[in-house]
Amino acid sequence: MKEVLAPRTVRCRFCDAMQRIQPVLPGHHASCYRCHSRLCRGGYQSLDVPFALSVTALVCWGFANVSPFVSLEYGGVVQTNFVLSGSLALWAAGQHFLSILTGLTGVVVPGAQLLTACFVLFTLRRDASLTACRRAVRLLAFLGIWSMPGVYLIGVSVAAVKLADLATLSAGPGLFAWLLVVLLWSAASLSLDPESLEQRFG
Amino acid sequence: MAEGAGDFEVTICDACGGGCRRRKRVMGVQHCPHCRERLPRRQRKSNERSAALLLAAAVLYVPANWFPIFYIDLLGQTESDTILQGIVELFGSGMAPVGLVVFFASIMVPLLKIMGLFGLLMALRRGGAGRRLGRTRLYRVIEQVGRWSMIDVFVVSLLISLVQFGALASFRPGQGAACFACVVILTMLAAQSFDPTTIWESEQEEV
């Protein structure tokens, strides 16, 4: 892995201005001289930290998919849900578009994003010249737009409030795993925007 | 027509980080001379496409708020809930903070995106060069907050899968839910299609 030392030329994503920037230290970020948008984040000193966070998040994602997510008790009957149950119920109700949309943005794309992040960080720690790795960085940026695990989590809490006077919603192990996915991912993504990964390339 | 230095601009290849020249007014795909990877595309029609997607979103915004997003069959009675009714109910049951979150995510954010992007597109059409910093900041906000409108779609999916107790209590999706999801997706696509560098374009040509 190349040490981050030399100044480099970057193009601002928002205003197209070309500029030289110094290496960005952890905890700092570089801003565009013209439109003040963030060009690049310092992220973590070592790629081991986001790698460890991403792998843990991926394991949690897998666990969250197979363990009970939330359960609802109403009149002695208990209804237990998995993460994907919402999208399956929408499919059964004939809302195929909504089903695919919630399934993709809420569950599948976050998983794909974590997998891509693990791949990018694993290859970057070894050999930064891989074309596949550069492509994966761009894929990661695209998946990031459509990945909404945090929005899903807020949706769960709003649903719990809405159901409060009808029945009580209780959290299963899957929900805690999902919470971990959201927290770990937001910590890992400090080092995972394409502009910041760029400075690791040789 | 001969090509001069003014017909080219310098850019950086996203794939290999190498500097390369890009023809300015050619809209086809251009490749990096170093690694043959596609250069980031500048589409002349990108803002027009953004406007079209936005118009579709604005049209769908009406049925999304008019039709119920779900129906509740509770002990033989059927009730329906639109987005706005859901928020009013949250406020009524003393859950004002949650109601506020849903109000922002489901009402304010789509409105902000539709009106904000329309404003940006109109300003570009007029060719105004003022407040470029503010306009870039507005675009960054619009790009970031879009996803949070999906809260209500996830709520509907959860309610429908959880409350399935037959005639006692069950939820069914309404027509408004699909319309609302379309509004969210279309505004997100419009924000992605919008090219923020065009805000700064005229200055580049003056220099």
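These figures come from a predicted structure and were not determined experimentally.

Turning our eyes to something else, we now look at the overall build of chain A. Assigned secondary structure in chain A consists of seven helices and seven strands. Taken from the N to the C terminus, the helices and strands of chain A come in the order β-β-β-β-α-β-β-α-α-α-α-β-α-α. Over its C-alpha atoms, taken along the principal directions, chain A stretches across nearly 65 × 35 × 30 Å. Here chain A holds 202 residues, and the buried ones make up 42% of them. Taking all contacts inside chain A whose residues are at least 6 apart in sequence as the whole, residues at least 24 apart take part in 62%.

Per the secondary structure count, chain B includes seven helices and six strands. Put simply, chain B runs from its N terminus to its C terminus through helices and strands in the order β-β-α-β-β-α-α-α-α-β-β-α-α. Across the 207 residues of chain B, 35% fall into the buried class. The long-range share in chain B, meaning contacts at least 24 apart out of those at least 6 apart in sequence, stands at 62%.

As a further point, take the interface of chain A and chain B. Taken together, the contact pairs 48 residues of chain A with 44 residues of chain B. Of all the secondary-structure elements, those providing two or more residues to the side of chain A that touches chain B are strand 1 (8-11), strand 5 (70-74), strand 6 (77-81), helix 2 (85-92), helix 3 (96-126), helix 4 (131-146) and helix 5 (149-162) of chain A. The greatest single-element share of the side of chain A that touches chain B, amounting to nine residues, is contributed by helix 5 of chain A. A class-by-class count of the residues in the side of chain A that touches chain B yields 26 nonpolar, 14 polar and eight charged.

What the domain assignment lists for chain A is domain 1 (1-42) and domain 2 (46-198). If you average the C-alpha positions of domain 1 of chain A and of domain 2 of chain A, the two centres end up 29 Å apart.

All names here are of chain A. If you trace the three strands from one edge of the open sheet to the other, you get 6-5-7, paired in antiparallel fashion. The strands lining the two open edges of the sheet, one partner per strand, are strand 6 and strand 7 (168-171). This sheet shows a mean twist of 25° between the axes of neighbouring strands, independent of strand direction. Note that strand 5 and strand 7 share four bridges and pair antiparallel. Across the sheet, the residue bridging to L72 is L169, located in strand 7.

Residues and elements named next belong to chain A. Despite not being glycine, D16 has its phi angle at roughly 70°, a positive value. Looking at the secondary structure, you find D16 in the loop between strand 1 and strand 2 (18-21). Of note in this structure, H36 is not a glycine but carries a positive phi near 65°. Note that H36 resides in the loop between strand 3 (29-31) and strand 4 (38-41).

Residue and element names in this part refer to chain B. On the basis of which strands lie adjacent, the open sheet formed by four strands has the order 4-3-6-5 and antiparallel pairing. At either margin of the open sheet sits one strand with a lone partner, and together these are strand 4 (77-81) and strand 5 (164-165). Judged from the five bridges that link them, strand 3 (residues 70-74) and strand 4 form a sheet pairing that is antiparallel. Looking across to strand 4, one finds that I72 is bridged to E79.

For the rest of this paragraph, the subject is the packing of helix 2 (residues 83-92) of chain B against helix 3 (residues 96-126) of chain B. Residues and elements named next belong to chain B. Helix 3 packs onto helix 2 with a crossing angle of 160° between their chain directions and a minimal axis gap of 7 Å. One element, helix 2, and the other, helix 3, form an angle in the roughly antiparallel class. Crossing angle aside, the handedness with which helix 2 passes helix 3 is left-handed. The segment helix 2 lies against helix 3, with I83, G86, I87, L90 and F91 engaging A96, V98, G99, V102, F103 and S106.

Our focus in this paragraph is the packing of helix 5 (residues 151-162) of chain B against helix 6 (residues 175-193) of chain B. Residues and elements named next belong to chain B. Contact pair helix 5 / helix 6: the axes reach a minimum separation of 9 Å and the direction vectors enclose 145°. For the pair helix 5 and helix 6, the sense of crossing is left-handed. Together, D152, V153 and V156 of helix 5 and A177, F180, A181 and V184 of helix 6 make up the contact between the two elements. For the contact of helix 5 with helix 6, the residue count by class is six nonpolar, no polar and one charged.

This part takes up helix 2 of chain A. Turning to helix 2 of chain A, its buried residues are S85, G86, S87, A89 and L90 of chain A. In this structure, the buried residues of helix 2 of chain A make contact with strand 6 and helix 3 of chain A together with helix 5 and strand 6 (169-173) of chain B.

Moving on to the environment of S157 of chain B. When you line up the elements, S157 of chain B lands in helix 5. Counting along the chain gives 15 residues from S157 of chain B to R172 of chain B, while the straight-line C-alpha distance between them is 9.5 Å. Excluding residues within four positions of it along the chain, S157 of chain B makes contact with G86, S87, A89, L90, L98 and T102 of chain A.

Turning to the confidence of the model for chain B, a few remarks are in order. Residues and elements named next belong to chain B. Of all residues in chain B, 86% attain a pLDDT of 70 or more, and the chain-wide mean is 83. Within chain B, helix 6 carries the highest mean pLDDT (93), whereas helix 7 (residues 201-206) carries the lowest (56). Here the prediction assigns the complex a pTM of 0.87, and the interface score ipTM is 0.90.

Judged by nonpolar contacts, the single largest core of 89 residues is most densely connected at A57 of chain A together with V153, L159 and A181 of chain B. Here the element with the most residues in this core is helix 6 of chain B; it accounts for 12 residues. With sequence-adjacent residues up to four places away left out, V153 of chain B is seen in contact with L98, L101 and T102 of chain A together with A177, F180, A181 and V184 of chain B. The next biggest cluster of nonpolar side chains, apart from the first, holds 13 residues, and it includes C12, C15 and A30 of chain A together with I199 of chain B.

Cut-offs used in this document
Residues numbered from 1 in each chain as written. Chains lettered and ligands numbered in written order. Predicted model: local features only at pLDDT ≥ 70, side-chain atom pairs only at ≥ 80, totals over all residues. Helix = DSSP H or I, 4+ residues; strand = E, 2+ residues; numbered from the N terminus. Buried ≥ 20, exposed ≤ 12 C-beta atoms within 10 Å, placed from the backbone. Contact = placed C-beta atoms within 7 Å. Nonpolar A, V, L, I, M, F, W, Y, C, P; charged D, E, K, R; others polar. Domains from an automatic or database assignment. Pairing = 2+ DSSP bridges. Axes fitted to C-alpha atoms, helices over the stretch in contact; angles between N-to-C directions. Parallel < 35°, antiparallel > 145°, perpendicular 65-115°, else oblique. Left-handed = near helix turned anticlockwise from the far one by under 90°. pLDDT = per-residue confidence, 0-100. Core = buried A, V, L, I, M, F, W, Y, C linked by C-beta atoms within 7 Å.

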